[in-house]
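Fold and contact review
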Amino acid sequence: DRRIAGWAAGAAVGAAMLVAGTAGAHPMDTSIADDSWINSGLGVHWNSHGAAGSVAGRDSVPPREEGLELVGKFDLGGKLGGEGRVADVSAKGNYAYLTMFYEPTCGRGGVQIVDISNPASPTAAGYIPSHVDTFSGEGSQVVSLNTPSFKGDLLVYQNEWCPNTTNGVGGITLVDVTNPHNPKKLVEGAGDFTKKSGAETNGVPQTKANQTHSAFAWTNKDTGKVYVVLVDDMEELDVDILDITNPSKPKIVSETNLD
């Protein structure tokens, strides 16, 4: 549908275009495996993740047009910070959700909500700030839930830590966006609170979930339960699945090492 394509093109202006990498595509992964497949993903993905020049050797992937017609732009009066600032764009209905990467400075992370009901003139609708020292990358998604615990639209996005900081949260954040103009956080930093080797924490329980790279939610049509799968950046058991049927009380149900 040409109109839908136009909406997507308009909402995505300013987003970093990323070359697909592997699930384990962050620097910390190099300490847990020397698999050439993982290192290849790291080289391709991390060097293209964000604005060119912000990290030594980083190059932005040049944008290309493939049969799309640009119908509108949105940059919050220039406050989104230019190339590399928007890490991901998802949309549901008349609203787009833009996850904010940490560059050029961290502390401005979160999700910008944009009204795209008029694709030629998108407007700001709301803002969901990240936790202190936390930013979001790829993996935002809005899903509709109809469970005993929650009925409405739920925004799912992942959390990563600002470089050289200690106060960030990991895991995922779940937000009630049934009214996109009045988003309400239900839980922040839900995820895997363990590292199976124990070496990193010397057996001391963690106070925050492992940071994650991406997340995707779905409903099991047979059971009605809702799940989210996320990529754990901190251990080789890097595919975590959480039950979010009650999005205020997520529960981890499985961990998988894809190797």
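Located above this text is the structure these notes cover.
Residues numbered from 1 in each chain as written. Predicted model: local features only at pLDDT ≥ 70, side-chain atom pairs only at ≥ 80, totals over all residues. Heavy atoms only, no water.

Focus: the sheet that holds strand E1 (residues 86-92)
Ordered in space as E1-E2-E3-E4, the 4 strands form an open sheet in which the pairing is antiparallel. The strands lining the two open edges of the sheet, one partner per strand, are E1 and strand E4 (123-129). In this sheet, adjacent strand axes meet at a mean angle of 20° when their direction is disregarded. (Pairing = 2+ DSSP bridges. Helix = DSSP H or I, 4+ residues; strand = E, 2+ residues; numbered from the N terminus. Axes fitted to C-alpha atoms, helices over the stretch in contact; angles between N-to-C directions.)

A look at unusual backbone geometry
Phi is positive for Asp-133, which is not a glycine, with a value near 60°. With respect to the helices, strands and loops of the structure, Asp-133 is situated in the loop between E4 and strand E5 (134-135). Judged by its relative accessible area of 17%, Asp-133 is buried. (Buried < 20%, exposed > 50% of the residue type's maximum accessible area, 1.4 Å probe, protein only.)

Describing the nonpolar core
In this structure, Leu-154, Val-156, Ile-172, Leu-174, Val-228, Leu-242 and Ile-244 are the most contacted members of the largest nonpolar core, which totals 16 residues. Of all the secondary structure elements, the ones that give two or more residues to this core are strand E6 (141-146), strand E7 (151-158), strand E9 (172-176), strand E10 (184-190), strand E11 (212-219) and strand E12 (226-232). The residues contacting Leu-242, other than those within four sequence positions of it, are Ile-172, Ala-190, Gly-191, Val-226, Tyr-227, Val-228, Leu-230, Pro-250, Lys-251, Ile-252 and Val-253. (Core = buried A, V, L, I, M, F, W, Y, C linked by side-chain atoms within 4.5 Å. Contact = heavy atoms within 4.5 Å.)

A closer look at the sheet that holds E7
Read from one edge to the other, the open sheet built from 4 strands follows the order E6-E7-E9-E10, with strand pairing classed as antiparallel. Where the open sheet ends on each side, the last strands, each with one partner, are E6 and E10. The sheet shows a mean angle of 25° between the axes of neighbouring strands, direction not considered. Relative to E10, E9 runs antiparallel, the two sharing 5 bridges. Pairing of Leu-174 across the sheet is with Val-187, part of E10.

Considerations on the packing of aromatic side chains
Overall, the coordinates contain 1 aromatic pair when judged by the stated rule. When the centroid spacing of 5.8 Å and the interplanar angle of 35° are considered together, the rings of Trp-218 and Tyr-227 count as tilted. The ring of Trp-161 carries the charged tip of Lys-208 above its face, separated from the ring centre by 4.3 Å. (Phe/Tyr/Trp six-rings, centres within 6.5 Å; stacked < 30°, edge-to-face > 60°. Lys NZ or Arg CZ within 6 Å of the ring centre and 35° of its normal.)

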